[in-house]
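Okay, here's what each chain looks like letter by letter:
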Amino acid sequence: MIKIKPILSFLTLAAFVVLISCSGGQKKTDQAESSLQETSPKVEVNAEAKLLLKTLNEMGDYANSRNFPSLIKPSAVYDEQDGNIHIIDVRNDEAFNDGHINGAVRIDFSDLPTYLTNDIKPFEYDKIVVVCYSGQISSYATSLLRLAGYGNVYAMRWGMSGWNKHFAEGVWLANISSDFQDQLETEEHDKAPLADFPKLNTGSTNGDEILQQRIEALFVAGYRVALVKAGAVFENPEKYYTINYDRKDKYDSGHIPGAVRYKPGGTLGIVSEMQTIPVDKEVVLYCNTGHNSGFATAYLRLFGYDAKTLTFGNNAFMYDKMKEEESSLSWLPFTEAEIHDYPYVQN
């Protein structure tokens, strides 16, 4: 059983400079507490969702803090290997045995809460770094662990693809594509009407208990339910409520058909914004690379939304456009410049 709010002091790790998000950086917004005090709310928030919002706010409002998203570059992990860090690899046995960072331990995604609670003392480490194939599963996992109160957990950007080309060839380099960029549109779409948050139905009247039950349920469910590929979205865009989680100029330059823009740093925990996200439809979030949307997806799923992050983000469907507009719109296309030649060990 995961322990909620084990300690919060690591949220202020001054030595670590948090990396830019998928959108290339964002400003901190008003705290979630302010959102709970909005005047004349049009739709009442159900009791459990309100308790969960209150608990997360009391824990430091992680989703609107400067630590969100909690990403770390492969170069920083490499430089700190001999330091007080602990590396957790959530890839499968075959991938781990094919090559992993020296000293890393392999833990199944669903076993992360038990491992952090029973097998190690998390806050004896300066950093706990979660590593996966591309950085997107680890982003989702790290977001859940941060929301649970583990303030020293980070996801390694680009995953093992950024560590060595041996791993990038079958992951990032195999998934960048421009297949759907001719289907982009520039029409602006309105958000859905206000409605209540999803009903969590935990049966608890205690915010800490609700948070604990939700965190545990999401780890049990695994990470695959939180992922969707670009092909599925473009094949049937009407099936999804698609959220463009990025800057307005990027949205205006071309987005997935039907996509609605939500502001990074101005959505999560903000009642009036979250109430426009449908509870009866699959929700797809996308950004530059899938990292930022992975963090945001975890937050929405915590509240019961059927949210999914689009794997590899814009890189999966408009790569050539990203390359052409990289300077003007500060896109983040994955290139071989992101790949290091760091050593790895095999079992």
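Structure: see above.
Just so we're clear, the structure is a prediction, and the values are computed from it rather than from any experiment.

## A closer look at the pattern of salt bridges
Move 1: According to the stated counting rule, one finds 17 salt bridges in the structure shown.
Move 2: K308 is paired through a salt bridge with E282; the nearest N and O atoms lie 3.8 Å apart. Linking K308 in strand β10 (residues 307-310) with E282 in strand β9 (residues 282-286), this pair joins segments that are 26 residues apart in sequence.
Move 3: Among the ionic pairs, E325 bridges to K321, the shortest N-O distance being 2.8 Å. Residues E325 and K321 agree in their burial class; the two are buried.
Move 4: Here the salt bridges share partners, and the residues they tie into one network are K239, E282, R301, D306 and K308.

## Considering helix α13 (residues 291-302)
Move 1: Given a rise of 1.5 Å per residue, 12 residues ought to cover 16 Å, and the 17 Å separating the end C-alpha atoms of α13 matches this to within 8%.
Move 2: Listed in full, the buried residues belonging to α13 are H291, N292, S293, G294, F295, A296, T297, A298, Y299, L300, R301 and L302.
Move 3: Phi turns positive one or two residues past the end of α13, at G304, with a value near 95 degrees.

## Structural notes on the pairing of strand β7 (residues 240-244)
Move 1: With respect to burial, β7 is a largely interior element, 5 of its 5 residues being buried.
Move 2: Burial of the side chains of β7 extends over both faces: Y240, T242 and N244 are buried on one face and Y241 and I243 on the other.
Move 3: As defined by bridge partners, β7 adjoins β9 across 5 bridges and the pair is classed as parallel. Counted as the bridge partner of T242 is V284 from β9.
Move 4: Pairing geometry for β7 and strand β8 (residues 260-261), over 2 bridges, is parallel. When the bridges of β8 are listed, I243 appears paired with V260.

## A short note on the sheet that holds strand β5 (residues 153-156)
Neighbouring strands of a sheet are bound in pairs by backbone hydrogen bonds; such pairs are parallel or else antiparallel.
Move 1: The strand order across the open sheet built from 5 strands is β1-β5-β4-β2-β3, with neighbouring strands paired in parallel fashion. Lying at the two open borders of the sheet, with one neighbouring strand each, are β1 (71-72) and β3 (105-106).
Move 2: Of the strands in this sheet, β1, β4 (127-131) and β5 are in contact with helix α6 (residues 136-147), which crosses β5 at around 170 degrees.

What counts and what doesn't
Residues numbered from 1 in each chain as written. Predicted model: local features only at pLDDT ≥ 70, side-chain atom pairs only at ≥ 80, totals over all residues. Heavy atoms only, no water. Salt bridge = Lys/Arg side-chain N within 4 Å of Asp/Glu carboxyl O. Helix = DSSP H or I, 4+ residues; strand = E, 2+ residues; numbered from the N terminus. Buried < 20%, exposed > 50% of the residue type's maximum accessible area, 1.4 Å probe, protein only. Expected span 1.5 Å × (residues − 1). Pairing = 2+ DSSP bridges. Contact = heavy atoms within 4.5 Å. Axes fitted to C-alpha atoms, helices over the stretch in contact; angles between N-to-C directions.

Keep in mind these values describe shape, not function.
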